[in-house]
Amino acid sequence: MSQSRQNPVQWHEPSFEDRMKAIYGVDFNVGQRPVLRPRQIDVRFPFAALFVVVGLFFVLKTIAVTSIGADHFEEQRLAMAQGTLPEQIGAALLKIDPLTSRIATFVSAD
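About the criteria used
- Residues numbered from 1 in each chain as written.
- Predicted model: local features only at pLDDT ≥ 70, side-chain atom pairs only at ≥ 80, totals over all residues.
- Heavy atoms only, no water.
- Patch = residues over 30% accessible without salt bridge, like charges linked within 9 Å, V, L, I, M, F, W, Y side chains within 5 Å.
- Areas by Shrake-Rupley, 256 points an atom, 1.4 Å probe, with all protein chains shown as cover.
- Salt bridge = Lys/Arg side-chain N within 4 Å of Asp/Glu carboxyl O.
- Buried < 20%, exposed > 50% of the residue type's maximum accessible area, 1.4 Å probe, protein only.
- Helix = DSSP H or I, 4+ residues; strand = E, 2+ residues; numbered from the N terminus.
- Phe/Tyr/Trp six-rings, centres within 6.5 Å; stacked < 30°, edge-to-face > 60°.
- Contact = heavy atoms within 4.5 Å.
- Axes fitted to C-alpha atoms, helices over the stretch in contact; angles between N-to-C directions.
- Nonpolar A, V, L, I, M, F, W, Y, C, P; charged D, E, K, R; others polar.
- Parallel < 35°, antiparallel > 145°, perpendicular 65-115°, else oblique.
- Left-handed = near helix turned anticlockwise from the far one by under 90°.

Q: Would you mind going over a nonpolar patch on the surface in detail, with residue names and values included?
A: A cluster of nonpolar side chains, Phe45, Phe47, Leu50, Phe51 and Val54, forms an exposed patch at the surface whose accessible area comes to about 520 Å². Overall, Phe45 belongs to the exposed group, its relative accessible area being 52%.

Now the structure itself:
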């Protein structure tokens, strides 16, 4: 009297809807009314990365101002402003702003 053991994990073939979802990434409900629902794409702007880049820019600009001096830095920036368009854009970005001057005075005070 041997008992036949059944496999508790049985594989069944996926339905048409499951295969279409796996291939196209959308839900197809085939029946009375077919429904097509596209995959939701979560689009977020990486604000943390933007803050890191802007913060690094200010830190590097402050290091340049404190290492060569504000007067010499401004002379070099004005020389850049007389150059080509990319140099003029760089000169406009490197202008000593109040935040950079405050950080530079804080760093150089130590």
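Q: I'd like a rundown of the pattern of salt bridges, residues and numbers included.
A: This structure, assessed with the given rule, holds three salt bridges. For Asp97, the salt bridge identified is with Lys61, shortest N-O distance 2.6 Å. Of this pair, Asp97 sits in the loop between helix H4 (85-93) and helix H5 (98-109) while Lys61 sits in helix H2 (residues 47-68); the two residues are 36 residues apart in sequence, bridging distant segments of the chain. On the basis of relative accessibility, which here comes to 4%, the residue Lys61 falls in the buried class.

Q: Run through the packing of aromatic side chains, naming residues and quoting values.
A: Taken as a whole, this structure holds two aromatic pairs when the rule is applied. When the ring of Phe45 is compared with that of Phe47, the centres are 5.0 Å apart and the planes differ by 65°; the resulting orientation is edge-to-face. Summarising the aromatic geometry, the rings of Phe57 and Phe58 are spaced 5.9 Å apart at their centres and angled 70° between planes, so their arrangement reads as edge-to-face. Given the relative accessible area of 32%, Phe57 is considered partly exposed. In this structure Phe58 comes out as partly exposed when scored by relative accessible area, which is 21%.

Q: An account of the environment of Arg19 is needed here, citing residue identities and associated values.
A: Position of Arg19 among the secondary structure elements: in helix H1 (residues 16-24). Arg19 sits in the partly exposed class, given a relative accessible area of 37%. Once you skip the residues sitting within four places of it in the chain, Arg19 turns out to touch Glu13 and Pro14.

Q: Go over the side chain of Thr62 with me, naming the residues and quoting the values.
A: In this fold, Thr62 is placed in helix H2. What makes Thr62 buried here is its relative accessible area of 3%. Once you skip the residues sitting within four places of it in the chain, Thr62 turns out to touch Thr100, Ile103 and Ala104.

Q: Describe the packing of H2 against helix H3 (residues 70-81), listing the residues and the values that go with them.
A: The axes of two packed helices give the description: the angle between them and the distance between them. Where H2 meets H3, the axes come as close as 6 Å, and the angle between the chain directions of the two elements is 115°. Across from Lys61, Ala64, Val65 and Ile68 in H2, the residues of H3 making contact are Ala70, His72 and Phe73. Grouping the constituent residues of the contact of H2 with H3 by class yields five nonpolar, one polar and one charged.

Q: Lay out the packing of H2 against H5 in plain terms, naming residues and giving numbers.
A: Contact geometry of H2 with H5 gives a least axis separation of 9 Å together with a crossing angle of 60°. It follows from the interaxial angle that H2 and H5 lie oblique. Here H2 and H5 pass one another in a crossing that is right-handed. Here H2 contributes Phe58, Lys61, Thr62, Val65 and Thr66 to the contact with H5, which in turn contributes Leu99, Thr100, Ile103 and Ala104. For the contact of H2 with H5, the per-class residue count stands at five nonpolar, three polar and one charged.

Function cannot be inferred from these measures alone, as they are strictly geometric.
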